[in-house]
Each structure stands twice: as C-alpha cells, then as structure tokens.
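Structural overview
The lines below spell out each chain.
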Amino acid sequence: MPYIPHSDADRAAMLKAIGVSSLEDLFRDVPAQARYPEINLPDPMSEPELLDYIGAFGQANADLNHFICFLGAGAYRHFIPSVVDHIVSRSEFYTAYTPYQPEISQGTLQAIFEYQSMICALTGMEVANASHYDGATAVAEAIVMAYNVQRKKRNKVIMSPYVHPEYRATARTYVQGLGLEIVGDDRQDLDAILNLVDEQTACVVTQTPNFLGEIEDFRGVGDRVHAKGALWVVVADPISLGLFKAPGDYGADIVVGEGQPLGNPLNFGGPYLGFFATRERFVHKMAGRLVGETVDAEGRRGFVLTLSAREQHIRRERATSNICSNEALNALAAAVYLAAVGKCGLRRIAELCYHKAHYAAKALSKVRGYSVVTTKPFFKEFVIRCPMPVGELNDELLEWGIVGGYDLGRDYPDLANHMLLCVTERNSRAEIDYLAKALREVAK
Amino acid sequence: MKVEKGLLYLESHEWVRLEGDEAVVGISDFAQEELNDVVYVELPEVGDTFAKGDVFGTVESVKAASDVYLPLSGEVIAVNRELEDSPQLVNEDPYGKGWFVRIKVSNPEEAKTLLDADGYAKFLAEEAKKGGH
C-alpha cells in the first residue's frame, strides 16, 4: 500500500495549476535514462523476519556489553545507577524541549534549576545555564560570550592545542562569521600559548584534564590572562571535578565541558549535553536557557525561565546566541546522577578512575614494545607509544574483545603510533591485566 | 505621562539635556512606561565614541530588549553606574536618577534636528491617535 495521499484528481489539478499536461511532461527535463531507473530491491519481509535481519546487523557492532573498553577521548563510559533511567523515563519528563509555561512545567523547571545549581557547585561558578547540545557547542558559545563581554572589540581567541580537536574544529566553524581569529593551537606548551595573550585577546581556552589526559599546572594562568583584560575559559571533565579543584576557585571566568559522563550513556556519540557556567556579572551575555527560582503571587516557591531578553525569541538577531534551546532530558539525567552519587560518591568515582588509570599505566609500562609517554600528572587517560600504527593495533585488539584507545596521530602528526587510553571505574583490574596481555601478544 | 520641559527628544524616545558642550542622555517617561519593569541596562564604556543615531546601549525589561540610540554624536565621558544594581531608577526617575550616559558633544549643530518638549509631546499625541502603541 503506497502512503501517498493524493488522488489522481488531486494530481491532475496540481499539474493543471502549474501548466503541464502529465507527470511525464513534468519530468521531461530529467534525462530519459535516469527518469525511471530500475531499483533492485529484495522482496518485502514480515515484521519478525525484518527484526531478525536488522538485529543481525546490530550484532556486528562492538558494543560495550560484550567488549572491554579503553576508549575515551571525550566520550566516557561511567556507571549509570538505575535510578537515572527510572527518573528520566517517567512520562512527566518526556520532552527534550525547555518548557515556556511555568504553570504546567514546575517539575521540569525545578529539575533544570537543580541541574544548574549542581553544575555551579561542581565548577565553582555562580551561574550555569540549562545546557547546550554538547561540549563542543558549549566551548564555541563560551568564545562568543567572551567576545560579547569584551563588547566585540577584541577578536583574537587563543586555544591550547590540547583542547579536544573536535571542539577546536567546532569553534572555528562557529565563529567564522564573527571575524574571530583562533590561534595558539600550533604551540607546544602553556607558556608559549600565554605569551600570545595581548590587548586584542577576547579569551584563552584551556582544557583540564587536557586532551592527552594530563592535569596541567594552571597556577598563575588566570593572572596572566586577566592582566591583559582577557577572559579565561576552562573546559573540564565533570567527573574529574569530584577530585580536583574547581576551575572557579583558580580564576576561570567561564567553565564548560561535555556533560555526558554524568549519567548519560555513550549513545554512539549523542545525544550529549554541554554544560556552561560563568560568573554572575556576565549573565546578561550568557547564551542558552536559564531557569530561576522565584515565588508566586501567594509567596510559594516556584521556578521560571528567567533573563529571557538575552534570547532569540525576544532579541532576534541581537540575541546572545542562535541556539536558545537545551538538552533537557540529558541535563535531567546529569542532575539525577549527581544527586544519586552525591558529593562523596562523585569523589569516590573520580578516585577509582585515578587509581585504576595509574595502575594501568604502571602495568602497561612493563609491556615490551610499549612505553608510557605521559609524564605530567594525569586523571583517567594517558598516552602510550606503540610498536605499530594504532589503527592496526586496534584491529588486533578487537579480536581480543577489546575496544582500544584513541589514535592520536589522527590529530597530532608528531604523535603517530601514540594511543590515548582511558580507564574508568568500570574497568576491573582483570580487564587491565588482560589488556596488558593482549598488547604483549599483539606486539610479538 | 510626563514630557520634561527644557530637554530635546528623539522619536525613538531618548531625551538629551544640553549642558554647555556636554549632554546627558536617557529615555523618556513614555519609553519607560512602555517597557514596563526595567531589569537591566547595558551601557557603553567611557571613551567610546558614537555618531548621532548609533545604538549605544540596550535596555531590558522583563519581556523585551530595546536598543537605545544616541541623539547626538559624541564621546562618552560618564555612564550611570547606579543602573547596574538599580535598573529600576529608569522607571522611577527617567529624567533624573535614571540617566544613561553623559557625552562630550562633537557637533552641536545636530541639536537643531531634535524635537523640543512640545514637539515630542505632539509626536506622542499623534502616535496615540494612530493607535500605534
């Protein structure tokens, strides 16, 4: 049964309206041999046949219920307590969209408000928005905000080469229409990057842990950036903030990052959420939705979208951003996750990641043919040099049931044959020992 | 609704008070009434220069954001910092404590193109008749 609603009479009326006599006449400009090509489709299947057929395709994926994973590089596998799915699956929360009407949306608004509050606590900032599409978008929006805070008078953006390569690419795409210049990511070390800061600099963007997993020494960075009147954007792994100092406590002006590690599954790359937090004095320049706490006419506590005059539906082309939406369901999952694990739990998770990653680095440093090249302090990721191209190595590891690390040669030419490995609380000691064994065997 | 005597006005509802070669700029009582509760005023920086008719700031109320235009060309020599914490001054005292910026006027001749109080009052009356607002 074709799902085409038009009758022959409808079609005739439409053809007549545009002045052609028949459907063939309408398509006469298309070369004849391309007009009605033969399409060799297989015969139709019944529903159970189709499920089996498509299901077999699914089996070809190296999914993490069946494979051991040491891949991170921006998307992280952490444990998700079942309460997260339970809450986000409630039909009251079945919308990915931010609610305009406080009269009917108190639950969602309160959840977003609590998400914002927890992001503030985590980052050491004063105000957080209701989330962006992903970490990359949040970074780009941070740059745009810094530019607006500087009243569009400074058009240089300095980025560390160890900000996630995809975030840097996204930021470049995002700001091309604003005439901003992104520099610095061809430099090697933080000092060289900071030497670029001048009176034309809108902001400096650094990441912690950086893309190579290292915790760089950020002491004095804020002062050097602020001395020239620029803002400092810190991209952070939210799980790491359970253990390490909040960027707000060492001088960051904007803290952003990928919120996926907080209660969101890997999801084959999305949907994710970008978190975004800043100082209260910049709130009028912030992008995105913002939920505030207030009281109703009878003095009862309630929640509403606030400071909306920044946004596109009011300010049109002069809005702080073209994106005035958020990832409400993913932000909800992050909020439930943070509430479920709590302050102590988050610290414990971060500690597990830290200690297991360090156990792994030690174990792998003993495997012949490989060396751990990370020398700075690191959190849950570190870099090893491999005796063969990383792509080939990962193909071999898949045979062992292991999803290997990230091929750094893809983004850093001088890091060919270097693999970024990620170890979280989900990786058992047995898995790490098994990885060491597999690497040893593969190198033989 | 009050139209203060002695000031000059733009049809976009800014007022300007000439004081020698300087001028103080704000928005009219009519404008603040139309905007309703002002929650934020974005002002330029001292030292910024603008031409007549340039957008020099933004005023936000609960449900709208409006650009404000400079009635005369000049350099900003002071901004009303009190509005940062007390934007409601724009509603309470639009011709006094709710002022926006003080400028050094670069071309006094431009003042001739502005409306005086009577002219602005007449303009408002005509607009009201049209039912524009």
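Residues numbered from 1 in each chain as written. Chains lettered and ligands numbered in written order. Predicted model: local features only at pLDDT ≥ 70, side-chain atom pairs only at ≥ 80, totals over all residues.

A separate point is the overall build of chain B. Counting its secondary structure elements, chain B contains four helices and nine strands. Taking 133 residues into account, the globule formula puts the C-alpha radius of gyration at 14 Å, and chain B, at 14 Å, falls close to it. Taking all 133 residues of chain B together, the buried fraction comes to 39%. Here the contacts in chain B between residues at least 6 apart in sequence split such that 65% fall between residues at least 24 apart. (Helix = DSSP H or I, 4+ residues; strand = E, 2+ residues; numbered from the N terminus. Rg over C-alpha atoms; globule rule 2.2 N^0.38 Å. Buried ≥ 20, exposed ≤ 12 C-beta atoms within 10 Å, placed from the backbone. Contact = placed C-beta atoms within 7 Å.)

Residue and element names in this part refer to chain A. Sheet topology places strand S9 (residues 291-295) next to strand S10 (residues 301-305); five bridges connect them, and they run antiparallel. If you follow Val-291 over to S10, its bridge partner there is Leu-305. In this antiparallel pair of consecutive strands, S9 and S10, the connection spans five residues, and Gly-299 shows a positive phi of 80°. (Pairing = 2+ DSSP bridges.)

Each partner contributes residues to the interface: chain A has five residues there, and chain B has seven residues. Here the residues of the side of chain A that touches chain B sort into two nonpolar, one polar and two charged. (Nonpolar A, V, L, I, M, F, W, Y, C, P; charged D, E, K, R; others polar.)

All names here are of chain A. Pairing within the open sheet is mixed, and its seven strands lie in the order S2-S8-S7-S6-S5-S3-S4. The open sheet is flanked by strand S2 (127-128) and strand S4 (181-183), the only strands paired with a single partner. Alignment of strand S5 (residues 201-208) against strand S6 (residues 231-236), held across six bridges, turns out to be parallel. Bridged to Thr-208 within S6 is Ala-236. Against the sheet, helix H7 (residues 135-149) makes contact with strand S3 (156-159), S5, S6, strand S7 (254-258) and strand S8 (274-278), and its axis sits at roughly 160° relative to S7, the strand it touches most. (Axes fitted to C-alpha atoms, helices over the stretch in contact; angles between N-to-C directions.)

All names here are of chain A. The N-to-C vectors of H7 and helix H8 (residues 165-175) enclose an angle of 50°; their axes lie 8 Å apart at closest approach. For the element pair H7 / H8, the angle class is oblique. Crossing geometry of H7 relative to H8 is assigned as right-handed. Facing Gly-135, Ala-136, Thr-137, Val-139, Ala-140, Ile-143 and Val-144 of H7, the residues of H8 in contact are Glu-166, Tyr-167, Thr-170, Ala-171, Tyr-174 and Val-175. Residues of the contact of H7 with H8, tallied by class, amount to nine nonpolar, three polar and one charged. (Parallel < 35°, antiparallel > 145°, perpendicular 65-115°, else oblique. Left-handed = near helix turned anticlockwise from the far one by under 90°.)

Below, the discussion takes up the nonpolar core. All names here are of chain A. Within the largest apolar cluster, 123 residues are counted, with the highest numbers of intra-cluster contacts made by Val-139, Ile-143, Ala-146, Cys-203, Val-205 and Val-233. Counting contributing residues, this core receives three or more from each of domain 2 (68-79 + 342-443) and domain 3 (82-337). Dropping the residues within four chain positions of it, Val-205 is found in contact with Val-139, Ile-143, Val-157, Ile-158, Met-159, Ser-160, Val-163, Val-233 and Val-235. (Core = buried A, V, L, I, M, F, W, Y, C linked by C-beta atoms within 7 Å. Domains from an automatic or database assignment.)

Here we come to the domain arrangement of chain A. Domain boundaries in chain A define domain 1 (8-48), domain 2 (68-79 + 342-443) and domain 3 (82-337). Spacing between the C-alpha centres of domain 1 of chain A and domain 2 of chain A amounts to 54 Å.

Residue and element names in this part refer to chain B. Summarising the element assignment, Met-1 is placed in the segment before strand S1 (8-9). What makes Met-1 exposed here is the crowd of 11 C-beta atoms within 10 Å. It is 6.2 Å that separates the C-alpha atoms of Met-1 and Asp-29, two residues lying 28 residues apart in sequence. The residues touching Met-1, leaving out its near neighbours within four places in the chain, are Asp-29, Phe-30 and Glu-33.

What follows covers the packing of helix H12 (residues 328-365) of chain A against helix H14 (residues 429-443) of chain A. To describe two helices that pack against each other, one gives the angle between their axes and the distance between the axes. Residues and elements named next belong to chain A. Where H12 meets H14, the closest approach of the two axes is 10 Å, and the angle between their N-to-C directions is 25°. Taken together, H12 and H14 sit at an angle that is classed as roughly parallel. The two elements H12 and H14 cross, and the hand of that crossing is right-handed. Two secondary-structure elements touch here, H12 through Lys-356, Tyr-359, Ala-360, Ala-363 and Leu-364 and H14 through Arg-429, Ile-432, Asp-433, Ala-436 and Leu-439. The class makeup of the residues in the contact of H12 with H14 is seven nonpolar, no polar and three charged.

Attention shifts here to the environment of Phe-275 of chain A. For Phe-275 of chain A, the position within the fold is in strand S8. With 30 C-beta atoms packed within 10 Å, Phe-275 of chain A lands in the buried category.

Our next topic: unusual backbone geometry. Residues and elements named next belong to chain A. The step from Thr-208 to Pro-209 runs through a cis peptide bond, and the omega angle for that step is -15°. Locating Pro-209 in the fold gives a position in the loop between S5 and helix H10 (221-227). With an omega dihedral of 5°, the bond running from Gly-270 to Pro-271 counts as a cis peptide bond. With respect to the helices and strands, Pro-271 occurs in the loop between S7 and S8. The phi dihedral of Lys-152 is positive, around 60°, even though this residue is not glycine. By the element assignment, Lys-152 lies in the loop between H7 and S3.

In this model H7 of chain A runs 21 Å from its N-terminal to its C-terminal C-alpha over 15 residues, within 8% of the 21 Å that 1.5 Å per residue would give. Where burial is concerned, most of H7 of chain A is hidden: 14 out of the 15 residues are buried. (Expected span 1.5 Å × (residues − 1).)

On to helix H4 (residues 47-59) of chain A. For H4 of chain A, built from 13 residues, the straight-helix expectation of 18 Å at 1.5 Å per residue is met to within 8% by its first-to-last C-alpha distance of 18 Å. In terms of burial, H4 of chain A is a largely surface element, zero of the 13 residues being buried.

Moving on, we come to the environment of Glu-4 of chain B. Along the chain, Glu-4 of chain B turns up in the segment before S1. When neighbours within four sequence positions are excluded, Glu-4 of chain B is seen to be in contact with Trp-15, Tyr-95 and Ala-117 of chain B.

Another aspect to go through is the confidence of the model for chain B. Here chain B averages 92 in pLDDT, and 98% of its residues register 70 or above. Predicted complex metrics record ipTM = 0.76 and pTM = 0.87. (pLDDT = per-residue confidence, 0-100.)

All names here are of chain B. Spatially, the six strands line up as an open sheet ordered S1-S2-S3-S9-S8-S5, and their pairing is antiparallel. Each edge of the open sheet carries a strand with a single partner, namely S1 and strand S5 (49-50). Pairing analysis gives four bridges linking strand S3 (residues 22-27) to strand S9 (residues 101-105), with the strands arranged antiparallel. Bridge assignment links Ala-23 to a residue of S9, and that residue is Ile-103.

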